[in-house]
Every structure is written in structure tokens, then in C-alpha cells.
Amino acid sequence: MGVFDSLHIGYSGLSASQTAINTTSHNIANANTEGYSKQSVTQRVNAPIHNLPGDVGAGTHIATITRAHDEFVYGRLKSSSAQVAYSEYMEKTLQEISNYTTDLEDLGIAKDLQDFFAAWSDVAHNAGDESQKIVLLQSMDSLAQNMNESSSKLADLQDRLNEEFKIGINEVNRIASEIVELNSGINKVENSNSANANDLRDQRDQLELELAKLLNIQVSKGHEVTEFGVDPNMTDQGTDYNINIGGFNIVDGTTFHPLRADDNLNTTQLNAVYYRDQNHQNVDMTGFIRGGELGAILDLRGDKVDSTGRATNSKIQDYMDDMNTFAKTLIHSVNNLYASSAQEGLQTDSFGEFNSDHNLINFDGVKEGSFDLKVYDELGNAVATRTITIDETTTLDDIVANINQDSDDNGDNDGTNDLDDLFVANITTGNVLSINARTNTNYTIAIEDNGTNFAGATGINKLFEGDSADTIRVATNLQNNPANIASHQAPIDGNSDLANKMVELQYANVMFESPDGTTTEQGLEAYYRYSSSRIASDAHQATINKDASAVLHNAINTEFKSVSGVDMDEELVNLMKYQTAYQANAKIISTVDQMIDTLLGMR
């Protein structure tokens, strides 16, 4: 072994120290770079020269430069990131919805409802005062408009989330395509010279975290086999890689399978997500998306639309259902009671495609029971009353026949003063039930219900029109004519029987039936308070969930940074260590240089 071997040994140490200093400098420079994992050098002894009296060392070399990475902790970080993104999105959206229905001191639907009944109370005390009816009309209009506005805001929010869902799917495609490009770069680096593409892997990890914030993903990676076997927790080495969403692989190594968000491939207005399988068929995978912002959007917006046009598995749809149930019950209850005000004739809304020979209890809102048709003379005396019963077999044709049936309603054996003698019922064009006077008389007619909700469901003598929060409005014939609002049942000047019953309605329990068929019996205001408090409760729970997930995420993030983050104190110590080694190896080289000069001088 000669002096030049010693020079090579010194150079190997100098080169190793230089590489270690470069790596340390790289760590310090990227100490504040998001997603950067600290890197470290692994130094190995060069193969010695076997000689007598023993092996002679041949210096050193840098075997690998690896990043500090714990795949198990990183997996937990991805999972917690998805949960934080989900809970933050839920909280933000539910707080927005809560603001739609929050009743301030002098504003809100609950206040409008109170004003509505207070106006009826004033009418009851001053039945002849037309100014009180103007106030009543204003309260009705305010109540209807506020319900329209709240319903419209929820519908607009659902549409907005639908668009955000489509944008989110496009973002998933963008991130996945970038990961595929990084995979190509990683493979090129690591397959060609067995190096570690540390910075590229860091970039890929950052993209995985971004993807995890959008939805739950399962990532499968190859692992490096060491002399101790496979260590799946402490490394993600290897080039095998795929990303799976609910059983659908969108990334296979360097192959990308884009997702498609579209509302044209289904029969609804909601954007669904489609995956193109190996048979080139579009598979709806919307129901497999969970977690992250997109999972929150689906839970709020709904995953699909059923045959009735309602979004399924949707919080917003649940809130809209509650509001529509409230509006519909309010409309039916008020109209059903208002129909007891005597009019010159009665007329329902169109029954549409509901044929006159169909069972009436299958018509939306109509129930089994009975109602009384009352006829009043010009003095307000009830001169004829006929009870109409609705059971499970009663049809609209039966109602017409019962009204027109020759019957002695008064039991006076007078065949000229009964209901059928004074009024006639028929089904007119447009499938409308009309009850009109037989001759031009001063008789009037009204309906007093005993549980059927017939007048409210069919729109006889309406105070409100519509059947939902979105469509409720003041009846057309009353909108510009508050004087037409009746406060009486019997047509007597100063009679306020109807107004008093309207006031009592605010304290009465009524039956609410949700679209799913569930029923509950409670007061109008109580039901609305329950619905709005449910939204507020959900928003509050979302805040609790967000705070809890944030605490867990921060703990995991701290653990992850303790493994992969750059410790500046540690790096400065390393810098001094490698600098000392560099200087020592430089001294070896200068010493060998002097030795060479001595040898050359001996000639």
C-alpha cells in the first residue's frame, strides 16, 4: 500500500464530509418548508485491502441519503387531516344554515307566526275595523315571504354545494395526475441508480395530504426489504404505488384513472361521480365517497335523488322537509278552519290526475273522519246541516252524490229547505269540485271540519295558497283586498267567531306528517321551534366535533414533526461535527502532500 492510497483515504473522508455538510445545509435551508422531511447520510467503510499483517483500510463512502419518515404516523396524519377537513366544512356550512333560521328579538319566522295570531286577536276584538285586516294581511305576507326566503336559501345552498362537489372532484383528478407524474420521476431516479428520491417523495406526501383533505383514500406503497426484513412503519421505499377510493383504484403506479363528475348520466340534478372500469363502463361511485370536504358535501347535499325528487341522506333536505312540513301543516290548518266562514259557494283546487273514483284518503292531506256542510240564511241562521263522512273507501264521486242526495236534513218533512234543495255539487272542467247555489238566493255555505282536513287539503276558501315553504303565499283574492278577509263563521255583522278560533289555533296541537310518513302532534310554534333548534344543535355539535378533531390532529402532527421535522439545534451540532471531520480529512491530505514532496526530494 503506497502513499497515494493514503491520499485516496483522505479524499474519501473529505468527500463524505462534504456530502454530509451539503445534506445538513439542505435541512437547514428547508427547515420551514411545508412537508419537508429531514434527511441524513449513512456512512459506510470502504472494502479494505487484505494484506499482511492484516487488512488495511481504504477509507469511507456515503452509502445512502435517506429522509426521516414513519409511514404509520404519516397514515394517522392523513386520517386526522381528513377528519379535520370534514368537521370544519360541516361546521362552516351548518353555522350558515343556522343563520337562516335564527330568530332575533324582532325578526324571524317564529316572530311572524306570533304576529299573525296577534293580528287575528285584534280582528276578533274589532271585527268591523278594516285597518286591523290590513295589519293581518301584512303579517300573513311577511310570514309567507320569510318562509319563501329561508326555503330559497336552503335550495340555493344545496345547488352551491352541488357545484362545489364537482369542483372538488376536478381537484381530486388534478392532484392524482400530479402524483402520477411524481411516481414517474421517483421511478426514474430510484430504478436507474438505486438512489432515494427524497424530495420527490416529500412532494408526493404533500399531495396525498391534500387529497386526504378532500376524501378518504387508501394508499398502498411498496416497502424496502432490509437485512432485518420489511419495515412497513419506518419507510415507504419501493416503487409499487396505488391510490384507492372506496374500492376504485384511481392511481396505479404511473397510470391515472380520472373520475367524472356529471349530472347527465343520471336522472337527477345532482352531480354524481363515475369511474370508468376495465370494460369501459361508467360506474357510479358516489356512494363510496366518505370523509374530507367531499364527504361533508355529500352528507349535507345528499348522495342522490329519490322518485319523489328529494335528496337522500341529506341534512339540508331534512331541514327543508321540516320547513315544508311546517308550512304545509300551517296552510292546511289555517285554510281548514277558514273554510268554516260562510261563502256564496265553495270550490276546491284542481285534483289534477287524481280521478274522482279514487279513494280520497289517498289524496295528500285528506284523512278519515267527517265534516259538516252548513247552510246559512241572510240573517245568519243555520238552516241546513249535512254531515259527510270520509272513510277508507270514500271517493270524490261519493262526496258529490252525498251532497246532491235528497235528504231531510232538518227532519221537518219539508223537501224544499235541505242542503240538496239549496246547493248542488258537481265536478267541473279541470277536475274541480264546485258547490253552488241552485238559484240566485241569499243563502251561504261553509264547511266545519271534524278531522278530515278535507277543506285544507283541497284548497276550499283559502287564506294561504301553496303547499310548501317555497310556495306559500297569501291567497290571490286577498292579496290586494284585505277587506275580503272574513272574521265570521255565520254571515252576521260584527261576528268574530272565526277570528277567535284562529287565535285558539296557536295553542292547539295539530298533526304534522313528514315526507317519510312519520307523524307528530304538537303546536305550530312548538314544531317550528323544534325544527330551528335542531339546526342550531347540529351546528353546535359540529363545532364540538371540529374542536375535538383539531386537538387530535395537532397531537398527531406534533408527533409526525418530531420524526420528520428539522431540529435546528441538532442540525447545527451535525454541522460542527462534519466541519471538524472535513478539516481533519483536509489535514490528512495536506500531510500526504508533504510526504509526497519529501519523497520527490529524495531523488
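Remember, it's a predicted structure, so these values are computed and weren't measured experimentally. (Residues numbered from 1 in each chain as written. Predicted model: local features only at pLDDT ≥ 70, side-chain atom pairs only at ≥ 80, totals over all residues. Heavy atoms only, no water.)

A. Just the packing of helix α7 (residues 315-338) against helix α11 (residues 497-505), in detail. Orientation of α7 relative to α11, taken along the N-to-C sense of each, is 155 degrees, at an axis distance of 10 Å. As far as their axial angle goes, α11 and α7 are roughly antiparallel. α11 is crossed by α7, and the crossing has right-handed handedness. Listed contacts from α11 to Ser333, Val334, Leu337 and Tyr338 of α7 are Leu498, Lys501, Met502 and Leu505. (Axes fitted to C-alpha atoms, helices over the stretch in contact; angles between N-to-C directions. Helix = DSSP H or I, 4+ residues; strand = E, 2+ residues; numbered from the N terminus. Parallel < 35°, antiparallel > 145°, perpendicular 65-115°, else oblique. Left-handed = near helix turned anticlockwise from the far one by under 90°. Contact = heavy atoms within 4.5 Å.)

B. Highlighting the sheet that holds strand β17 (residues 423-428). Spatially, three strands are ordered β14-β18-β17 in an open sheet, and the strand pairing comes out antiparallel. Of all strands in the sheet, those with a lone pairing partner are β14 (346-347) and β17, marking the two edges. The pairing of β17 with strand β18 (residues 432-437) spans six bridges and is antiparallel. Paired with Thr428 across the strands is Val432, a residue of β18. Strands β17 and β18 of the sheet are contacted by helix α8 (residues 396-404), whose axis makes an angle of about 160 degrees with β17. (Pairing = 2+ DSSP bridges.)

C. Representation of the sheet that holds strand β19 (residues 444-450) within the structure. Strand order across the open sheet formed by three strands is β16-β15-β19, with antiparallel pairing between neighbours. The sheet is open, and its two edges are formed by β16 (382-390) and β19, each paired on a single side. On average, each strand axis in the sheet is inclined to that of its neighbour by 20 degrees, with strand direction left out of account. Where strand β15 (residues 369-376) and β19 come together, six bridges link them in antiparallel fashion. When the bridges of β19 are listed, Lys374 appears paired with Ala446.

D. Broad picture of the side chain of Ser514. Tracing the backbone shows Ser514 in the loop between β22 (510-513) and β23 (519-522). Judged by its relative accessible area of 19%, Ser514 is buried. (Buried < 20%, exposed > 50% of the residue type's maximum accessible area, 1.4 Å probe, protein only.)

E. Broad picture of the pairing of strand β6 (residues 241-245). Judged by how many residues are buried, β6 sits mostly within the fold: four of five residues are covered. Two strands pair when backbone bridges link them, and β6 and strand β7 (residues 248-252) are joined in this way by four bridges, in the antiparallel orientation. Within β7, the residue paired with Ile245 across the bridge is Phe248. Remark: two residues form the turn of the hairpin made by β6 and β7, two consecutive strands paired antiparallel; Gly246 in that turn has positive phi of roughly 60 degrees.

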